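Chain by chain, the residues:
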Amino acid sequence: KMLLFRGKASKPIVLFLFSTFVSVALCQPYPKSYAGNHPLITLTDKTFEHQTQSATGQTTGKWVVYMDTDHSYNHFLTPTLKASLMKLDKEQQNQDEYTGEAFIAATINVDEEYLTRARFENSGLSFPCLVVFEQRKMRQFKVRHPKGDEHKAIGKGVKDVREWLEMTSEDEGAVYLNVPKPLSMAKANSARLRRMKRMFKERKLRVRRDWQHAMKAKGEAGMGAMVHEMEESFKKSPKLYGSILIGIALTMILTLIAMSSVLFGGRGGATKRKEE
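Residues numbered from 1 in each chain as written. Predicted model: local features only at pLDDT ≥ 70, side-chain atom pairs only at ≥ 80, totals over all residues. Heavy atoms only, no water.

(A) Quick look at the environment of Ala55. Checked against the element boundaries, Ala55 lands in the loop between α3 (48–52) and β2 (63–68). Taking the C-alpha atoms as reference points, Ala55 and Lys137, separated by 82 residues in sequence, lie 7.8 Å from one another. Not counting the four nearest positions on each side in its chain, Ala55 is found in contact with Glu49, Arg119, Arg136, Val179, Pro180, Lys181 and Pro182. (Helix = DSSP H or I, 4+ residues; strand = E, 2+ residues; numbered from the N terminus. Contact = heavy atoms within 4.5 Å.)

Laid out in structure tokens, this is it:
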């Protein structure tokens, strides 16, 4: 192990470790200097419509919701738009610079809250996005892109979001969309089924990938390396492999019960026939 830190290769390794440590130590989702880590209301599938009333009256007021995702090609939107919303919400609560109509700021992860995603995914929104809900209508913040590069964005700072929030239906460029109704029971069950299929496919691919890595480790370094690779896979996905082990154990128990019932049932039948 000490060989890694000897010779000509030691300098780049040390530099890599140092840069990794500094980036992890200094990295924060939303720097305090920008938004003060101002908390937003976190919505879920169960609370979204109950709190926002986006399609059922809008009596709770104007809501501005950042619909977040875990992974997206539009990674340039995160965390800037969310941080801008946090900053503006802090301004209006402190009665500082924000002079527009009062709003309630919230966030929801539509990858985790999949019923909300299924409800809005065909309504004209593209995730992640910043959306305002008012008067049973919704309006999405549109990010401008430089010509020829859709993976860069301009005009997504606090000033731009403030101007967007202060727009009304009479302003040019304000495009309002109809808010989709909450999912019916049939559509909700369909969304659950799609999610289960997607999760099953993802877990199947993960297990296959981990098994291939373990076999490769065995071929290159022996059985010990294979066991180590499998241990690392279990540590990374304890729920997945725990459920697999439980499934294997239950299958073995049921198999033994079935075999014993056949075995002892057959013996009992033979004994009865002898007695007769």
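So much for the structure itself; the text now carries on.
(B) Quick look at the packing of helix α7 (residues 185–221) against helix α8 (residues 223–236). Running from amino to carboxyl end, α7 crosses α8 at an angle of 155 degrees, the nearest separation of the two axes being 7 Å. Considered as vectors, α7 and α8 are oriented roughly antiparallel to each other. Here α7 runs over α8; the crossing is right-handed. Contact residues: Asp210, Trp211, His213, Ala214, Met215, Ala217, Lys218 and Ala221 in α7; Met223, Ala225, Met226, Glu229, Met230 and Ser233 in α8. Across the contact of α7 with α8, the residue classes break down as nine nonpolar, two polar and three charged. (Axes fitted to C-alpha atoms, helices over the stretch in contact; angles between N-to-C directions. Parallel < 35°, antiparallel > 145°, perpendicular 65-115°, else oblique. Left-handed = near helix turned anticlockwise from the far one by under 90°. Nonpolar A, V, L, I, M, F, W, Y, C, P; charged D, E, K, R; others polar.)

(C) Representation of the pattern of salt bridges within the structure. For the structure shown, the criterion picks out 11 salt bridges. Put simply, Lys62 and Glu134 hold a salt bridge, and the shortest N to O gap is 3.9 Å. Here Glu134 lies in strand β4 (residues 129–134) and Lys62 lies in the loop between α3 and β2, a separation of 72 residues in the sequence. Take Glu134: its relative accessible area is 11%, and that puts it in the buried class. In this structure, Arg162 and Glu91 form a salt bridge, with 2.9 Å as the shortest nitrogen-oxygen distance. (Salt bridge = Lys/Arg side-chain N within 4 Å of Asp/Glu carboxyl O. Buried < 20%, exposed > 50% of the residue type's maximum accessible area, 1.4 Å probe, protein only.)

(D) Spatial organisation of a nonpolar patch on the surface. Together, Phe234, Ile244, Leu245, Ile248 and Met252 make up an exposed nonpolar region whose accessible area comes to about 450 Å². The element contributing the most residues to the nonpolar patch is helix α9 (residues 238–275), with four residues. Relative to the elements of secondary structure, Leu245 occurs in helix α9. (Patch = residues over 30% accessible without salt bridge, like charges linked within 9 Å, V, L, I, M, F, W, Y side chains within 5 Å. Areas by Shrake-Rupley, 256 points an atom, 1.4 Å probe, with all protein chains shown as cover.)

Note that all results are geometric; they support no functional claim without further evidence.
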